[in-house]
Amino acid sequence: MQNLFFDTRKLDESCRASYGLSEELMMENAATALESAVLSHVQFEGVKNRVLIFCGAGNNGADGYALARRLRLKCNVVVFQCAAPKSELCILQAARAEKCGTVFFELEDFTLEFVESAGVIVDCIFGTGFHGELDEKIQILLSDANDVSAYRIACDVPSGIDSDGNVSVGSFRANLTVTMGALKLSLFHDLTKDFVGEIVCADLGVARRLYENSSNFPLNVASLLEKSDMILPNRTKFCVNKGTFGHAAISFGEKKGAAIISAQAAFRFGAGLVSLVDFSKTADFGAVPNEIMTTFQIPENTTAVALGMGTGRNSDDVFSAWFDFLKKNPEIPCILDADAFFSPLIFDFLKTRSRKVVLTPHPKEFQNLLKICELGEYSVSVCVKRRPELIEKFCRQFPKSTLLVKGANPMIGQFDGRKFNLYVNPLGRPCLAKGGSGDVLSGLIVALLAQKYKCLDAAASASLAHALLSQQIECDFSMTPFDLIQKISTLR
């Protein structure tokens, strides 16, 4: 698990104060990291041997000028001054680069030939301080850079992305982002995923852990999940039986396929018993696999519940029965998904009991959940843009609930009564953007809940497993939910 920060400028200040580092020395280390990235990808022979560096007026531009100086006799380096140097260090570094013979051009001199002949393009225009929209000339410059085959490197944050993860028109699309000192939350928003490329963190003169701990109070705002954070339900004891590993009860409703997918995922992910429950007593269980049990009432030995996958949006009688059961059995954990977020009964349930509840909406469902719970009316796009803020708003309203909002980088939030914690999972692939993928995730979560995982651990581990399974899919458009389920046994 790695720390994520909203803005690292305060960390820069505390690092200088704590370790006696100068801003200039830290900048030199930033340029060294960029230099290493450039030299790993530049062509030293052939037509595309030019390194093109776009420099802004502030300290991000200063990093670019320092990089140009370091590369001066190693590569064919050209600097585009996208604005006249303004900050003290930018003026200093530009002067140093010029004294070394670096070739400078102004923005007005730009032609398409410059980017077409470049092997590597480095974006050092803006950094974490960007806000608003890109100037039209910068948009044209970056759009042309995005359209060529050159390897594109962003310094700290791709230009056009602000600290909230908003993406301006014409933003730089990096193949690699070399972010300075520590990871920024803005790099892991859904909207920025297609712009940041691979992300590496550069040390600025001290080890990253020292840098992050230089402040007297914690500044991290979220945590980045890694494969090592996944807790698999490995069986280490031998004197066990199927009851040892829990009984997952899954609602069976209008769209039976969703519940069947969840049930099969739960069974494959270690739940000892899995039952599909139909309160209507009219279900056709003919398509249910033999290993999944079917019933018209909730089993007495139920240890976890999954509700909402294909239940139906006009099934308040079904939701009422399930919610009554969960209110009477507050120690039985549950996962709510899909159609559950369109039932007005969910608000009363959460007001009565938010503990031991995992909710897994996608953005449209999250929009409706916020509205039903009287937390505001937002467009789907706002729910995506302001996801960390809105997750915190929900979690503080319903303490100890665990909210996993799906997306390109799923985010998991929980307020434990003292502190709000936010976790981001960056490991999923676009093959998951297909009907049924969410039902697999619900099955993975309920399986872990049935096996007595804490809700946050179940949500995080299941989300990581879901993402890692997607990495095993060879063809990113032909995947089915059952491809994911079949690969569960390969998780290590």
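Structure's up top.
An account of the accompanying structure is given in this report. This is a predicted model, so every value here is computed, not measured.

Summed over all chains, the structure comprises one cavity of 30 Å³ or more. In this structure, the largest cavity encloses a volume near 30 Å³. What lines the largest cavity is simply D164, G165, N166, H189, D190, L191, V384 and K385. Along the lines of polarity and charge, the residues of the lining of the largest cavity split into two nonpolar, three polar and three charged.

Sheet strands pair via backbone hydrogen bonds, and the direction of the pair is either parallel or antiparallel. Pairing within the open sheet is parallel, and its seven strands lie in the order β4-β3-β2-β5-β6-β7-β9. Since the sheet does not close on itself, it has two edges, and those belong to β4 (103–106) and β9 (198–202), each with one partner. Across this sheet, the average inter-strand angle for adjacent strands is 20°, counted without regard to direction. Of the pairings in the sheet, the one linking strand β6 (residues 151–155) to strand β7 (residues 176–180) comprises three bridges and is parallel in character. Looking at β7, one finds that I153 is bridged to L176. Lying on the sheet, helix α2 (residues 23–39) is in contact with β2 (50–55), β5 (118–124), β6, β7 and β9; it crosses β7 at an angle near 165°.

With that settled, consider the sheet that holds strand β18 (residues 411–415). Overall, mixed pairing links the twelve strands, which are arranged β8-β1-β10-β19-β18-β17-β16-β15-β14-β11-β12-β13 in an open sheet. In this open sheet, the two edge strands, each paired with only one partner strand, are β8 (183–184) and β13 (293–295). Both strand β12 (residues 273–277) and β13 contribute to a ladder of three bridges, which runs parallel. When the bridges of β13 are listed, S275 appears paired with M293. The sheet contacts of helix α9 (residues 256–268) involve β11 (247–251) and β12, and relative to β12 the element is tilted by about 170°.

Below, the discussion takes up the layout of surface pockets. Considered as a void within the structure, the largest pocket measures approximately 660 Å³ in volume. Where the lining of the largest pocket is concerned, the elements lending two or more residues are α7 (193–196), α15 (437–450) and α16 (455–470). For the lining of the largest pocket, the element with the most residues is α15, which contributes four residues. Within the lining of the largest pocket, the residues separate by chemical class into nine nonpolar, ten polar and eight charged. When its volume is computed, the second largest pocket comes out at roughly 520 Å³. Lining the second largest pocket are 23 residues, with D12, N59, N60, D63 and D156 positioned closest to its centre. Secondary-structure elements contributing two or more residues to the lining of the second largest pocket are α1 (9–19), α2 and α3 (59–71). Here the lining of the second largest pocket is composed, by residue class, of nine nonpolar, seven polar and seven charged.

Let us now look at the nonpolar core. Membership of the largest hydrophobic core comes to 56 residues, with the highest contact counts inside it found for I250, F269, L276 and I445. Listed by contribution, the elements that provide at least two residues to this core are β11, α9, β12, β14 (304–307), α15, α16 and α17 (481–486). The dominant element in this core, judged by the number of residues it contributes, is α16, at ten residues. In this view, I250 contacts A259, S262, A263, V274, S275, L276, V277, A306, M309, W322 and V446; residues no more than four positions away in its chain are not counted. Membership of the second largest hydrophobic core comes to 53 residues, among which are A222, W322, A340 and F398.

Turning our eyes to something else, we now look at α15. For α15, with 14 residues, the first-to-last C-alpha span of 20 Å sits near the 20 Å given by 1.5 Å per residue. Of all 14 residues in α15, 13 are buried, a share of seventy percent or more.

What follows is about the packing of aromatic side chains. This model, assessed by the stated rule, comprises twelve aromatic pairs. Residues F80 and F110 carry aromatic rings whose centres are separated by 5.5 Å and whose planes lie at 75° to one another, so their mutual orientation is edge-to-face. Of this pair, F80 sits in strand β3 (residues 76–81) while F110 sits in the loop between β4 and α5 (112–116), and the two are 30 residues apart along the sequence. Across the pair, exposure class does not vary: F80 and F110 are buried alike. Ring centres of F394 and F398 lie 4.9 Å apart, and the angle between their planes is 45°; this geometry places the pair in the tilted category. Judged by its relative accessible area of 0%, F394 is buried. The class of F398 is buried, set by a relative accessible area of 2%. Site record: aromatic cluster; members linked through ring pairs are F54, F80, F105, F110 and F114. One residue, R173, lies across the ring of F195, its end atom 4.2 Å from the ring centre.

This part takes up the packing of helix α10 (residues 316–328) against helix α11 (residues 345–352). Where α10 contacts α11, the two axes come as close as 10 Å, and the packing angle between them is 5°. Between α10 and α11, the crossing angle belongs to the class labelled roughly parallel. Facing D316, F319, S320, F323, L326 and K327 of α10, the residues of α11 in contact are L345, I346, D348, F349 and T352. Within the contact of α10 with α11, the residues separate by chemical class into six nonpolar, two polar and three charged.

Conventions we followed
- Counting of residues starts from 1 at the beginning of each chain's written sequence and follows it residue by residue.
- At least 70 in pLDDT is required for a residue's local features to be given in this predicted model, at least 80 for side-chain atom pairs to be given and counted, and no such filter applies to totals for whole chains, interfaces and linings, which use all residues.
- Calculated side-chain values reflect all of the structure's heavy atoms, with hydrogen atoms and water omitted.
- Using protein atoms alone on a 1 Å grid, points that fit a 1.4 Å probe yet trap it form a cavity, whereas open point sets bounded by protein on both sides within 12 Å along at least five of seven lines form a pocket; residues with an atom within 4 Å of a point count as lining.
- Grid points are joined across faces, edges and corners, and a volume is the space filled by probe spheres set on the points.
- Note on residue categories: nonpolar means Ala, Val, Leu, Ile, Met, Phe, Trp, Tyr, Cys or Pro, charged means Asp, Glu, Lys or Arg, and polar means any other residue, Gly included.
- Pairing between two strands requires that DSSP report at least two bridges joining them.
- Only runs of H or I of at least four residues qualify as helices and only runs of E of at least two qualify as strands under DSSP, and these elements are numbered from the N terminus.
- Note on method: axes are straight lines fitted to C-alpha atoms, helices fitted across the in-contact stretch only, with angles between N-to-C directions ranging 0 to 180 degrees.
- Any two residues whose heavy atoms approach within 4.5 Å at even a single point are treated as in contact.
- Nonpolar cores were defined as sets of buried Ala, Val, Leu, Ile, Met, Phe, Trp, Tyr and Cys residues, with membership established by side-chain atoms within 4.5 Å.
- Buried, partly exposed and exposed residues are distinguished by accessible area as a fraction of the type maximum, computed with a 1.4 Å probe on protein chains only: under 20%, between the cut-offs, and over 50%, respectively.
- Here the expected length of a helix is defined as 1.5 Å per residue gap, with one fewer gap than residues.
- Only the six-membered ring of Trp is used, alongside the rings of Phe and Tyr, when aromatic pairs are assigned; centres must lie within 6.5 Å, and planes under 30 degrees apart are stacked while those over 60 apart are edge-to-face, with the rest tilted.
- Charge-over-ring contacts are defined here by two conditions on Lys NZ or Arg CZ: a distance within 6 Å of the ring centre and an angle within 35 degrees of the ring normal.
- In what follows, roughly perpendicular refers to angles from 65 to 115 degrees, roughly parallel to angles under 35, roughly antiparallel to angles over 145, and oblique to any angle outside these ranges.

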